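Here's the letter readout for the chains.
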Amino acid sequence: MLLCRNKIAITMAIIITSECINCNACEPECPNNAIYEGGASWRFSDGTKLTEIELEDGTRMDGSLANDPISNDVYYIVPSKCTECIGFHEEPQCASVCPVDCCVPDPDNVEDQETLLAKKAWLHAELV
Ligand code: SF4
Ligand code: SF4
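Just so we're clear, the structure is a prediction, and the values are computed from it rather than from any experiment. (Residues numbered from 1 in each chain as written. Chains lettered and ligands numbered in written order. Predicted model: local features only at pLDDT ≥ 70, side-chain atom pairs only at ≥ 80, totals over all residues. Heavy atoms only, no water.)

A. Up close: the overall build of the chain. Of regular secondary structure, the chain possesses two helices and seven strands. Listed N to C, the secondary structure of the chain is β-β-β-β-β-β-α-β-α in terms of helices and strands. Against the compact-globule benchmark of 14 Å for 128 residues, the chain has a radius of gyration of 15 Å, which places it among compact chains. Expressed along its principal axes, the backbone C-alpha trace of the chain runs to roughly 40 × 40 × 25 Å. (Helix = DSSP H or I, 4+ residues; strand = E, 2+ residues; numbered from the N terminus. Rg over C-alpha atoms; globule rule 2.2 N^0.38 Å.)

This is the structure in C-alpha cells:
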C-alpha cells in the first residue's frame, strides 16, 4: 500500500501474472470470491450479495449472469470484486498464499482505501 502526500491511502486491485502455476491455493482464500480458474465464467453474485447490478447507463443486470473469463490460461482476478482484502484481512490473502509470488498490485486499477471499503460494503450489502 502506498501513502501519498495528502495522506490518502492508495491501494490497487491485485492481478495474477502469467507466472501462475494454476495451483488453486489462492481461490478459496478470497473473501469476495474474486478469483477464478482460467477459462471459468465469473459472476457478481458468487460469494457476494449482488443479486442485481446497476450499470452506469442506469440499466440493471442479473448478478448471477455468467461473464466471460478474463483469462483462459491461468487463474484470474475480477478487478471489480477485488478489495485488496481490506476490511477482512491485514494483507491480500491471494498474495500471501501464492507459492510463486504472481499476485501483484495492478497499476491499471488504483483505488483509495475509502473506495475499497465502499466496494466491500457494496459487494456484501453492508450499511455504511
Ligand atoms: Fe481476493 Fe483479497 Fe486477492 Fe483481492 S486481494 S483477489 S479480495 S484475496
Ligand atoms: Fe496461481 Fe498463485 Fe493462485 Fe496458485 S496461488 S493459482 S500460482 S495465483
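B. Quick peek at the site of ligand 2. Inspection of the region around ligand 2 gives 14 residues, with Cys20, Cys23, Asn24, Cys26 and Cys98 positioned closest. Across the shell around ligand 2, the residue classes break down as twelve nonpolar, two polar and no charged. (Near = heavy atom within 4 Å. Nonpolar A, V, L, I, M, F, W, Y, C, P; charged D, E, K, R; others polar.)

C. Expanded view of the packing of aromatic side chains. As enumerated under the stated definition, the model contains three aromatic pairs in all. When the centroid spacing of 6.1 Å and the interplanar angle of 75° are considered together, the rings of Phe44 and Trp122 count as edge-to-face. Remark: Trp122 occurs in helix H2 (residues 113–123) and Phe44 occurs in the loop between strand S3 (35–36) and strand S4 (52–54); sequence separation between them is 78 residues. The exposure class of Trp122 is partly exposed, given its relative accessible area of 39%. Grouping aromatic residues by their ring pairs yields a cluster made of Trp42, Phe44 and Trp122. (Phe/Tyr/Trp six-rings, centres within 6.5 Å; stacked < 30°, edge-to-face > 60°. Buried < 20%, exposed > 50% of the residue type's maximum accessible area, 1.4 Å probe, protein only.)

D. The confidence of the model for the chain, seen in detail. Residues with a pLDDT of 70 or more make up 91% of the chain, whose mean pLDDT is 90. The model gives residues 1–8 a pLDDT under 50, and that stretch makes 13 contacts with residues more than four places away or in other chains. (pLDDT = per-residue confidence, 0-100. Contact = heavy atoms within 4.5 Å.)

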